[in-house]
Every structure is written in C-alpha cells, then in structure tokens.
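Structure at a glance
So you can see what is in the structure, the chains are spelled out below.
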Amino acid sequence: MSDNAQPQNIDTISQLLKLSGSQYRLYDMGRLVTKVPKELFEKVELNQVPYPTPSQGHAFIAIAFWQKQSAQPYLWLLKLPLDERGLLNQGARNHFIAIIVEALGADLTQEASKKQEDILSSNPYLFTPAQYKLASLNSKIKVDLKQPASEYLSPFLSYISGDLGWDNWQAVGVQGITDFTARIKQDNNSELLCKVFNNLPEEVLLPLCGALENESLDVNLIDIILTRLTTQLQNTAQLATQTENEEEPSQQIAQHLLRALAGSIQHKHVIEFIDSLLQQAYVSPDLLITLSGRCWSVLADNTRLMAYFEHLVSSNDIPLFTSIFKDLVAIPTIRPVVFQCMRAPNRSPALAQAIGQLFNQA
C-alpha cells in the first residue's frame, strides 16, 4: 500500500486498522465500559445500523490496537458525532481517518515525530474519559489480552481480606478496584466480595460500585447488592422524614448501589427490583437519572417506561424531563417504546402536558 494511495483507498476505521496489520479490540465508553463486536462496528461504519449506545449525540469508542510482534497496545479514544437516527457521521469519520493517515501513514504503531504528534494532538475527534472509566478500560484490556494486573490490585486484595481493618482503606486505589472487578469471575473474587461487601465503608463502596457497573455479576453478588440497596432506600426514606441534610449522602449510596447492577440489568432479580421500585409512590430524581443513564435497557418495555416517565414528570423538573426524554429517544432499542408511550391513551395529564411542552420548545 503506497502512501499516496492511502486516503482514497481507506473508507473505514476498521479497514485502516486491518490494512495496517494491527490486531484490535473495541470498547464503548459512553454509558458503560463494554466491548463492541468488530462485526457490529463495521456495520455502524457503513451506516447499516445505528450506533447502539449513543451518549450526548455521539459514539464514544476506545480502540486498543497492536502489532503481532508487540503485545503493548496503543489506544485511540474517539468521540464521533451521530445524526438524529443514531447513524455515524460519515464526514467526521473520514476526517479522522485523513488526519491519522497524514500523520502516520500505513504504520499506526510507529514512533511519532514531533510534527506527527502535533497533528495527532490536534485531532478534534479524540476525548479524555473520566478517570474511573479509563481505569476500567485499562483493566478490561489487560484481561482481554491476558496480561497481568497493575501493581494496585495487590493492596486492594489485602484490604478486602479484612486483616487491615475496614477503616484502613487509604492504600486502595481506583485502578486496583477496577483490576479486581474486571476479574470478578476469576480466583473466587465474586465469592470473596460477597463475604465482605456489607463491611465496606463509603470511601471504598462508591468507587467499587462504579467499577462493578461494567461487569456481569453472579446471582449471589446481585442479591447481596439488592439487599443492601433495599435497606439503603428504607433508611433514606426514614431520614427524609427527619432532616433533609442527612438524605443526600444516603441517597448517593443508593444511587451507586443501583449503578453496580447496571451490567447485570437483565437478570430477573434486578428486573423484579426495578419493577417494585417503579411501583412506589416516589422515586428520587437521582435514581431516575441512574436508571436512564446506566440501566437504560430495562426501560425497553412499554409498561416499565410509562411508569418511569410518570415518576419523571412528577418531579416537576421540566429541564430534567426534557434532557432524559431526548437521551432515551436517541437509543435505538428505546426509541420505538418512547413513541408508544407518547401515544398511550392511559398517560396522565401531567405527562401529556410535559410531552406537549417538549415539542412546543422544538
């Protein structure tokens, strides 16, 4: 492949990676950190299917790639715009390819010169994820490539052994937590976590939940999280009747516990819990935000989504309703269910009014 022929011969990022001789893995970084099958991404690039998990009108994608002679992967973190149907913006994708080809040519893993680094660093389609997401991504890549965990895993394993005392968490780092959760199905890690989960203080529990959201958990760990979440919500309700000042941290713990279940959202125990939650008289806006942002796939059900929208509109926060409505309607699996709810004859006057206001704004 000659350098002069590259721009017109390379039509997709997938093709660029294959022609460079690279092996690669793809991960979605928008809502959760999850693998993207290569075959699916190729269809997305050809606009044969919409991007399945859009976030803020974009596809957030991590591409780890490497040459056979080197197991050390390079990383692209891409933020590519989508149209209103969720299809990839072809012009932006082509622009990204042109920038890469201009800087690196055929060898994507070459050592970049200062000029090449300047071209690459000015690439408008690169983004920097939140630190906790980057930690989860690094952990997942190491597991997928069968590489050892970071040096931060050992202090976390020492901590959850319980020998150090639950208050001595200062040596625990986010990378160690994500290294552990990425290996939750190895070395009896799930069983170990089940034993100590209810001992963990908030300083460890919250980042742990943020890491667990990217993993599919076994039923024992799911049930332990659900039990603690149920207790936390009961405590929150009691605090709300006493003093508003104490409700916020308690609610934050509940929100994170729900997040921890995001990667296991299709498990029947989690679905039963969410159905029960949506049948309650009140669901906090924080939990509603977590449901749509992290647990969106459970809302691909007419009855469940209608109950969700009724809770959302009862919060009397029109900007929040508008933001979440627009977010959900952009998700391909949720979009048709949203339209069914919009037309449902049993929707409340408040929901009908909120939907009307939304379209009046448009």
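All values derive from a computational prediction rather than experimental measurement.

Rules of the game
- Residues numbered from 1 in each chain as written.
- Predicted model: local features only at pLDDT ≥ 70, side-chain atom pairs only at ≥ 80, totals over all residues.
- Heavy atoms only, no water.
- Helix = DSSP H or I, 4+ residues; strand = E, 2+ residues; numbered from the N terminus.
- Rg over C-alpha atoms; globule rule 2.2 N^0.38 Å.
- Buried < 20%, exposed > 50% of the residue type's maximum accessible area, 1.4 Å probe, protein only.
- Contact = heavy atoms within 4.5 Å.
- Areas by Shrake-Rupley, 256 points an atom, 1.4 Å probe, with all protein chains shown as cover.
- Lys, Arg positive; Asp, Glu negative; His and termini not counted.
- Charge placed at Lys NZ, Arg CZ, Asp CG, Glu CD.
- Salt bridge = Lys/Arg side-chain N within 4 Å of Asp/Glu carboxyl O.
- Phe/Tyr/Trp six-rings, centres within 6.5 Å; stacked < 30°, edge-to-face > 60°.
- Lys NZ or Arg CZ within 6 Å of the ring centre and 35° of its normal.
- pLDDT = per-residue confidence, 0-100.

Once that is clear, we can look at the overall build of the protein chain. Counting its secondary structure elements, the protein chain contains 18 helices and four strands. By the compact-globule yardstick of 21 Å for 362 residues, the protein chain fits well, its C-alpha radius of gyration being 23 Å. On the principal axes, the C-alpha backbone points of the protein chain span a range of 70 × 60 × 35 Å. Looking at the protein chain as a whole, 50% of its 362 residues are labelled buried. Long-range contacts, defined here as pairs at least 24 residues apart, represent 69% of the contacts in the protein chain between residues at least 6 apart. By element, 50% of the accessible surface of the protein chain is carried by carbon and sulfur atoms, the whole surface being about 17300 Å². Taking the average location of the 28 positive side-chain charges in the protein chain and that of its 37 negative ones, the two points are 8 Å from each other.

What follows deals with the pattern of salt bridges. Inspection of the entire model under this criterion finds ten salt bridges. Taking the shortest distance from any N to any O, the salt bridge between E215 and K140 comes out at 3.1 Å. With E215 in the loop between helix 10 (202-212) and helix 11 (219-240) and K140 in helix 6 (residues 131-144), the pair connects residues that are 75 residues apart, well separated along the chain. Neither E215 nor K140 differs from the other in exposure class; each is buried. The partner of E213 in a salt bridge is R259, with the nearest N and O atoms 3.0 Å apart. In this pair, E213 is assigned in the loop between helix 10 and helix 11 and R259 in helix 12 (residues 247-260), connecting sequence segments 46 residues apart. Using a relative accessible area of 1% as the deciding quantity, one classes E213 as buried. Among the ionic contacts, a cluster of salt bridges with common partners joins E213, R259 and R294.

Counted by the stated rule, this structure contains ten aromatic pairs. Between F60 and F127 the ring centres are 5.0 Å apart and the planes differ by 80°, which places this aromatic pair in the edge-to-face class. Taken as a pair, F60 in strand 3 (residues 58-66) and F127 in the loop between helix 5 (114-121) and helix 6 lie far apart in primary sequence, 67 residues in all. Ring centres of F65 and Y74 lie 5.8 Å apart, and the angle between their planes is 20°; this geometry places the pair in the stacked category. The class of F65 is buried, set by a relative accessible area of 1%. Residue classification places Y74 among the partly exposed residues on the basis of a relative accessible area of 35%. Through successive ring pairs, a cluster of aromatic residues spans F65, Y74, W76 and F96. Lying across the ring of Y24, K38 places its NZ or CZ 4.4 Å from the centre.

Moving on: the confidence of the model for the protein chain. Interpretation of this model should avoid reading the predicted coordinates in detail wherever pLDDT is low. The predicted model of the protein chain averages 90 in pLDDT, with 91% of residues at 70 or higher. Across the protein chain, helix 8 (residues 174-182) holds the top mean pLDDT of 98, while helix 1 (residues 6-9) sits lowest at 54. Throughout residues 1-7 the model reports pLDDT below 50, and contacts reaching past four residues in sequence, or to other chains, amount to nine contacts.

Inspection of the secondary structure assignment puts R304 in helix 15 (residues 302-314). Beyond its immediate chain neighbours, meaning those up to four positions away, R304 contacts I271, I274, D275, L278, V298 and L299.

Right, let's talk about the environment of Y74 for a bit. Here Y74 is to be found in strand 4 (residues 74-81). With 249 residues separating them in the primary sequence, Y74 and S323 have C-alpha atoms 35 Å apart.

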